[in-house]
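# A structural walkthrough
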Amino acid sequence: TIKRRAVNVVLSGFSVTGEDGVRWLRAMRSMGYMGPILLLSAETDSGALEQAQRAGATEVVAKPYHLELLVAQIRAYMSGRPGTDEDLVRVRCAR
C-alpha cells in the first residue's frame, strides 16, 4: 500500500462518474499521502475539475496529452524530493 512505500508522485486516470474519483482522492489524502497527485482526465466540466482539486488533486492533465510534456511535469514535481533520481521515473501499476 502507499503507506508502506516511498511514493514521490501519484499519476492516475480520473473519472468523476459516481463520485468514485473524488472518493479515491480523499482516501489518498486521509491515508496521509501529502505528495503530488496528477490526474489524467478527459473531463471538460470546470465544476468537476474544481471538485477534483478541492478533493486533493495537485494537477489535472487534460487528455489527449503529449507524453514528453507529461514526463516533464512529473520530473518537475520530483525535483528536489528525497530519494529521487532526475534520470529515473519508475512506473508502477496499482490495482
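Above this text sits the structure in question.
Scoring rules and cut-offs
- Residues numbered from 1 in each chain as written.
- Predicted model: local features only at pLDDT ≥ 70, side-chain atom pairs only at ≥ 80, totals over all residues.
- Heavy atoms only, no water.
- Pairing = 2+ DSSP bridges.
- Helix = DSSP H or I, 4+ residues; strand = E, 2+ residues; numbered from the N terminus.
- Buried < 20%, exposed > 50% of the residue type's maximum accessible area, 1.4 Å probe, protein only.
- Axes fitted to C-alpha atoms, helices over the stretch in contact; angles between N-to-C directions.
- Contact = heavy atoms within 4.5 Å.
- Parallel < 35°, antiparallel > 145°, perpendicular 65-115°, else oblique.
- Left-handed = near helix turned anticlockwise from the far one by under 90°.
- Core = buried A, V, L, I, M, F, W, Y, C linked by side-chain atoms within 4.5 Å.

## Remarks on the pairing of strand 3 (residues 59-62)
Bridging between strand 2 (residues 37-41) and strand 3 involves four bridges; their strand directions are parallel. Bridging from a neighbouring strand, S41 pairs with A62 of strand 3.

## Brief notes about the environment of R75
Positionally, R75 belongs in helix 3 (residues 67-78). Taking the C-alpha atoms as reference points, R75 and V9, 66 residues apart in sequence, are found 9.3 Å from one another.

## Some points on the side chain of S12
Mapped onto the secondary structure, S12 falls in strand 1 (residues 10-13). Given the relative accessible area of 18%, S12 is considered buried.

## Overview of the pairing of strand 1
Here strand 1 shows a clear split, with V10 and S12 buried on one side and none of L11 and G13 buried on the other. Looking at chain direction, strand 1 and strand 2 are connected through four bridges and run parallel. What sits directly across from V10, in strand 2, is I37.

## Looking at the sheet that holds strand 1
Taken together, the three strands give an open sheet; going across it, the order is 1-2-3, and neighbouring strands pair in parallel fashion. Looking along the sheet, the strands with just one partner apiece sit at the ends: strand 1 and strand 3. Neighbouring strand axes in the sheet, compared pairwise and without regard to direction, differ in orientation by 25 degrees on average. This element, helix 1 (residues 20-30), spans strand 1 and strand 2 of the sheet and lies at about 170 degrees to strand 2.

## Some points on the packing of helix 1 against helix 2 (residues 46-55)
Where helix 1 meets helix 2, the axes come as close as 8 Å, and the angle between the chain directions of the two elements is 15 degrees. Relative to helix 2, the element helix 1 is oriented roughly parallel. As for how helix 1 packs across helix 2, the hand of that crossing is right-handed. In contact with V22, L25, R26 and R29 of helix 1, helix 2 contributes Q51, A52 and A55.

## So, the environment of V22
With respect to the helices and strands, the residue V22 is situated in helix 1. Of the residues examined, V22 reaches a relative accessible area of 1% and is grouped as buried. Along the chain, V22 and R54 lie 32 residues apart, while their C-alpha atoms are 9.0 Å from each other. V22 has contacts with F14, Q51 and A55, leaving out every residue within four places of it along the chain.

## Thoughts on the nonpolar core
Judged by nonpolar contacts, V10, F14, V22, L25, M28, Y33, I37, L39, A52, A55 and A57 together constitute the single largest core of eleven residues. Put simply, the parts of the chain that give this core at least two residues each are helix 1, strand 2 and helix 2. The greatest single-element share of this core, amounting to three residues, is contributed by helix 1. Other than its neighbours up to four places away in sequence, L25 contacts F14, I37, L39, A52, A55, G56 and A57. V9, L38, L40 and M78 belong to the second largest nonpolar core, which has seven residues in total.

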